[in-house]
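These are the residues of each chain, in order.
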Amino acid sequence: MSPSPDSLTLDAVAGNTVSAPPPRRLTVAIVGATGAVGAELIDQLERRHFPVGELRLLASPRSAGKGLTFRGNPVVVQALSEDAFDGVDVAFFSAGASISRQYGPVAAAKGALVVDNSSAFRMAEDVPLIVPEVNAHAARAEHRLIANPNCVAAVAVMALGPLHRETPIRRVFAATYQAASGAGAAAMEELRASTAAYLEGRPYTPQVLPHPYAFNLFSHNAAMDPQTGYNGEEQKVMDELRKLLEAPQLRIGITCVRVPVLRAHAIALTVEFETPLAAARAREILAGAPGVRLVDDAVANHYPMPVEASGRDEVLVGRIRQDLGDPSGCSLSLFVVGDQLLKGAALNAIQIAETVVRR
Ligand code: A2P
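Residues numbered from 1 in each chain as written. Predicted model: local features only at pLDDT ≥ 70, side-chain atom pairs only at ≥ 80, totals over all residues. Heavy atoms only, no water.

S.K.: Explain the state of the cysteines here, please?
M.R.: In protein chemistry, a disulfide is the covalent bond that joins the sulfur atoms of two cysteines. Applying the stated criterion across every chain yields a total of zero disulfides. No disulfide involves cysteine 151; its sulfur sits 8.9 Å from that of cysteine 256, the nearest cysteine. Take cysteine 151: its relative accessible area is 9%, and that puts it in the buried class. (Disulfide = S-S within 2.5 Å. Buried < 20%, exposed > 50% of the residue type's maximum accessible area, 1.4 Å probe, protein only.)

Printed below as a string of structure tokens:
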């Protein structure tokens, strides 16, 4: 008889299961449990058979007493407080940077492994920023706080990481097509409600995002730095890709755009490498990369699409082609799409915890 999934150690990176003694049941907290990422964290813990003994669902006082479900059992949401971290082994944070700044160090000091989905600690020198398929080695046993990258950086690095290992990347040009989910559950609802209003000819005043969202797109809503002309989202992606790829000098430029898609981000990339890289070789590398699925069918004109990436763990990669603007053969263009709530947030966070717990 094969062992039950809960008695296995999950090897998230290789996608293998390895026989091991049953892991200790862990007390797990989710901060921001009622949000869009929070819902996916609960689902991922269940689907990946994370060894949860007790689950504490934490949110703002507005949600205290609300009932959610884990493994078919009701769990009552509690208001976030310092005491809520007593006895917690692993705490996932997804309630924004200021909540992480206030409570993340408290949870870590109480002995929890903190996996933070916010931007609060990502660029701190002593905090690893991890996408397990790319840089699991950077998370060591002594780290009690590990940062989960920005969703665009996490999705893009799934394609860039394996290529960078083949021949170092010199320069990246990127343009994004970002879904509503990146701005939270309320923005997803705004997309639904404003689209319905548009189709019914009713007026709709945006509540969450700064511009009309139905049948429209706009430059990412993060504040712009007048010195550089880049918005906060663009700066995060540039900084974080350098950290994830361990390439501090990487030359990178990006334009981030919000599009009326519910939950998967798309990214157009043009990448210059130190040495020539043939499209066929890049395709071969990405076809074998963990967590990546090649969708690159020129005959059927079938390439990565948000509707096919939504709800999927894998990042879809396609349109891999030589960049004709660089006759040296050192540049490729490609198109990458990944579920913002999964690889861009909840899935990657759980994989980080699995990587550390497994050691
Ligand atoms: P709540 O639902 O009680 O407001 P999203 O990113 O989808 O907008 O979700 C944000 C998450 O962060 C929600 O779970 C939200 O809880 C939580 N949150 C927001 N403010 C606080 C706060 N002050 N304390 C704890 N959780 C918070």
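Now that the structure has been shown, the text picks up again.
S.K.: What is the right way to look at the domain arrangement of the chain in this model?
M.R.: Size of an interface: often given as the accessible area lost when the parts come together. Parsing the chain into structural domains produces domain 1 (5–120) and domain 2 (153–340). Just the C-alpha atoms count here: the centres of domain 1 and domain 2 sit 27 Å apart. Each side of the interface is counted separately: domain 1 has seven residues, and domain 2 has seven residues. The three residues of domain 1 that bury the most area against domain 2 are Ala36, Glu40 and Ser119, which together make up 54% of that side's buried surface. Our count for the domain 1 to domain 2 interface comes out at two salt bridges. With its nearest N and O atoms 3.1 Å apart, the salt bridge here joins glutamate 40 to arginine 263. Here domain 1 is connected to domain 2 by two residue pairs in polar contact (both at pLDDT 80 or more). In terms of residue class, the side of domain 1 that touches domain 2 is built from two nonpolar, two polar and three charged. (Domains from an automatic or database assignment. Contact = heavy atoms within 4.5 Å. Buried area = accessible area lost by both parts, 1.4 Å probe. Salt bridge = Lys/Arg side-chain N within 4 Å of Asp/Glu carboxyl O. Polar contact = N/O pair within 3.5 Å; in protein donor to acceptor, adjacent residues only side chain to side chain. Nonpolar A, V, L, I, M, F, W, Y, C, P; charged D, E, K, R; others polar.)

S.K.: Just checking my understanding: could you explain the nonpolar core for this structure?
M.R.: Most often, soluble globular proteins keep nonpolar side chains buried together rather than apart. Of all hydrophobic cores here, the largest spans 62 residues; its most connected members are Phe85, Leu269, Val317 and Leu334. Considering each element in turn, this core owes the most residues, ten residues, to helix α4 (residues 151–166). Residue-level mapping places this core at the junction of two domains, with at least three residues from each of domain 1 (5–120) and domain 2 (153–340). In contact with leucine 334, not counting residues within four places along its chain, are Ala159, Leu163, Ile267, Ala268, Leu269, Val271, Leu286, Val317, Gly318, Arg319, Ile320 and Arg321. Counting 40 residues, the second largest nonpolar core, distinct from the first, contains Val28, Val115, Ile146 and Leu341. (Core = buried A, V, L, I, M, F, W, Y, C linked by side-chain atoms within 4.5 Å. Helix = DSSP H or I, 4+ residues; strand = E, 2+ residues; numbered from the N terminus.)

S.K.: Got a minute to help me understand the packing of α4 against helix α7 (residues 279–287) in this structure?
M.R.: Geometrically, a packed helix pair is captured by the angle between its two axes and the distance between the axes. Running from amino to carboxyl end, α4 crosses α7 at an angle of 120 degrees, the nearest separation of the two axes being 10 Å. Handedness of the crossing formed by α4 with α7: right-handed. Contact residues: α4 offers Met158, Ala159, Pro162, Leu163 and Glu166, while α7 offers Arg281, Ala282, Ile285 and Leu286. Considering only residue class, the contact of α4 with α7 consists of seven nonpolar, no polar and two charged. (Axes fitted to C-alpha atoms, helices over the stretch in contact; angles between N-to-C directions. Left-handed = near helix turned anticlockwise from the far one by under 90°.)

S.K.: Would you mind showing me how to read a nonpolar patch on the surface here?
M.R.: Taken together, Tyr198, Leu199 and Phe215 make up a surface patch of nonpolar side chains, about 390 Å² in accessible area. Locating leucine 199 in the fold gives a position in helix α5 (residues 185–199). Take leucine 199: its relative accessible area is 63%, and that puts it in the exposed class. (Patch = residues over 30% accessible without salt bridge, like charges linked within 9 Å, V, L, I, M, F, W, Y side chains within 5 Å. Areas by Shrake-Rupley, 256 points an atom, 1.4 Å probe, with all protein chains shown as cover.)

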